[in-house]
Amino acid sequence: MNLHEYQSKDLFRAAGIPVPPGEVASSVREAVSAAARFTYPVVVKAQVLIGGRGKAGGVKVVRTPEELEREAGRILGMDIRGLKVGRVLITPSADIDREYYAGMVLDRKNETPLLMVSPAGGIDIEEVARETPEKILRLPIDLRGLPSYRARAAARFLDKNPAIQKQIVPILTRLARVYRDQDASLAEINPLVVTKQGEVLALDAKIVIDDNALDRHPDLASWRDLSAEDKGEVEARERGLSYVKLDGSIGCVVNGAGLAMATMDLIQYHGGKPANFLDIGGSSNPEKVESAMNILTGDARVRAVLFNIFGGITRCDDVARGLLAALDRLHVRIPIVIRLTGTNEKEARELLGARGLMALSDMDEAVRAVIARAAEAA
């Protein structure tokens, strides 16, 4: 779950990380009122859950109320990479001398949290890693948090001034604590700035919370911005389905994550591209199948759908009933290829056959068939 900048800053502020004051506004009038409580110049920052706001014109420094009114009116409602701006953050402009990067990330290869710091702040850390990897220090962290000696080493890597290092150390320690305590998969400050007055501030903030831990953070769950999420993924979560949207044209409805991965691999192997990962799980609830079809038919890129069901706990006849109910309700026009094997397979084939639908038993054959049908429908 991605948090907006202002929400991430609230968590940083509560942890004792120095963050500039700021107020969120959803209208030009609110923006002007908020800016009146600060000293100009102020910054107007679009609050959307996507990077590249500055390059898209969603971050502007303004020096007068008139300029603020104009820029806030322009940014509110603008489209940034497919997301509409509904709120802006108003915050005092900082007199920046130097910009650094600091982030807690998950090192999936080594299965450990990782503190990454770089003196090249203010730009994408991926770009730094690609072009100047020597400018990144990586420090593995365990559950005890960030030890002081490692925080001091990171601070020395960032800045040569002992007075600045002394300010950076507690910021890094608290950043690691936020990452751990909030069950985050990312907690990032970019840029971490040194002002011309010698003050260190977290000028921007980005936190991503692990969805699987939200039961421990009901307060954070209420912060979720559903407008920024794929509608299919939102519906899938509400219906208890595991769904990830991809960029292919072949929709997949599968039971079991392992079979779903194998199905996508086989589609790719035979020259197709899966449009999604969708696991209806071990449930025999026909409503889940109907929900799955509703999600797939809402994706304009899907040209054909493959049902690949291995009946164990899941009963093939229940899957067949769910599919038939979906076809009746949704008036599906895209081709469907069905592969069923396992529990109540015979009953499922009879149900489908009565409606003129045929179920294959060979997975490889089914994959080749759905790729051909997708090509015909393109």
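Heads up: these notes are all about the structure in this document. (Residues numbered from 1 in each chain as written. Predicted model: local features only at pLDDT ≥ 70, side-chain atom pairs only at ≥ 80, totals over all residues. Heavy atoms only, no water.)

## Details of the overall build of the chain
Thought 1: Counting its regular elements, the chain contains 13 helices and 18 strands.
Thought 2: Residues counted as buried form 48% of the 378 residues belonging to the chain.
Thought 3: Expressed as a percentage of contacts within the chain between residues at least 6 apart in sequence, the contacts between residues at least 24 apart total 66%.
Thought 4: Carbon and sulfur atoms make up 49% of the accessible area of the chain, which totals about 18,400 Å².
Thought 5: For the chain, the distance from the average site of its 51 positive side-chain charges to the average site of its 52 negative ones is 3 Å. (Helix = DSSP H or I, 4+ residues; strand = E, 2+ residues; numbered from the N terminus. Buried < 20%, exposed > 50% of the residue type's maximum accessible area, 1.4 Å probe, protein only. Contact = heavy atoms within 4.5 Å. Areas by Shrake-Rupley, 256 points an atom, 1.4 Å probe, with all protein chains shown as cover. Lys, Arg positive; Asp, Glu negative; His and termini not counted. Charge placed at Lys NZ, Arg CZ, Asp CG, Glu CD.)

## Some points on the nonpolar core
Thought 1: Core analysis: the biggest nonpolar cluster contains 39 residues, and Phe 12, Leu 115 and Ile 207 have the highest contact counts within it.
Thought 2: Taken together, the elements giving at least two residues each to this core come down to helix H1 (5-14), strand E7 (96-107), strand E8 (112-118), helix H5 (148-158), helix H6 (162-181), strand E10 (184-195), strand E11 (200-202) and strand E12 (206-209).
Thought 3: Counting residues per element, this core draws most heavily on H6, at nine residues.
Thought 4: In this structure Phe 12 touches Ile 17, Val 19, Leu 175, Val 178, Glu 188, Ile 189, Ala 205 and Ile 207, once residues within four positions along its chain are discounted.
Thought 5: By size, the runner-up hydrophobic cluster in this structure holds 30 residues, among which are Leu 278, Ile 280, Leu 323 and Ala 359. (Core = buried A, V, L, I, M, F, W, Y, C linked by side-chain atoms within 4.5 Å.)

## Some details on H6
Thought 1: Across its 20 residues, H6 extends 29 Å between first and last C-alpha, which sits within 8% of the 28 Å expected from 1.5 Å per residue.
Thought 2: Inspection of H6 places Ile 164, Gln 165, Ile 168, Val 169, Ile 171, Leu 172, Thr 173, Leu 175, Ala 176, Val 178 and Tyr 179 among the buried residues, and these make up the whole buried set.
Thought 3: Looking one or two places after H6, you find Asp 183, whose phi comes out positive at around 55°. (Expected span 1.5 Å × (residues − 1).)

## Overview of the state of the cysteines
Thought 1: Counting across every chain of the model gives zero disulfides.
Thought 2: Lacking any disulfide linkage, Cys 252 is separated from the closest cysteine sulfur, that of Cys 316, by 17 Å.
Thought 3: Classification of Cys 252 as buried rests on a relative accessible area of 2%. (Disulfide = S-S within 2.5 Å.)

By themselves, these figures tell us nothing about what the structure is for.
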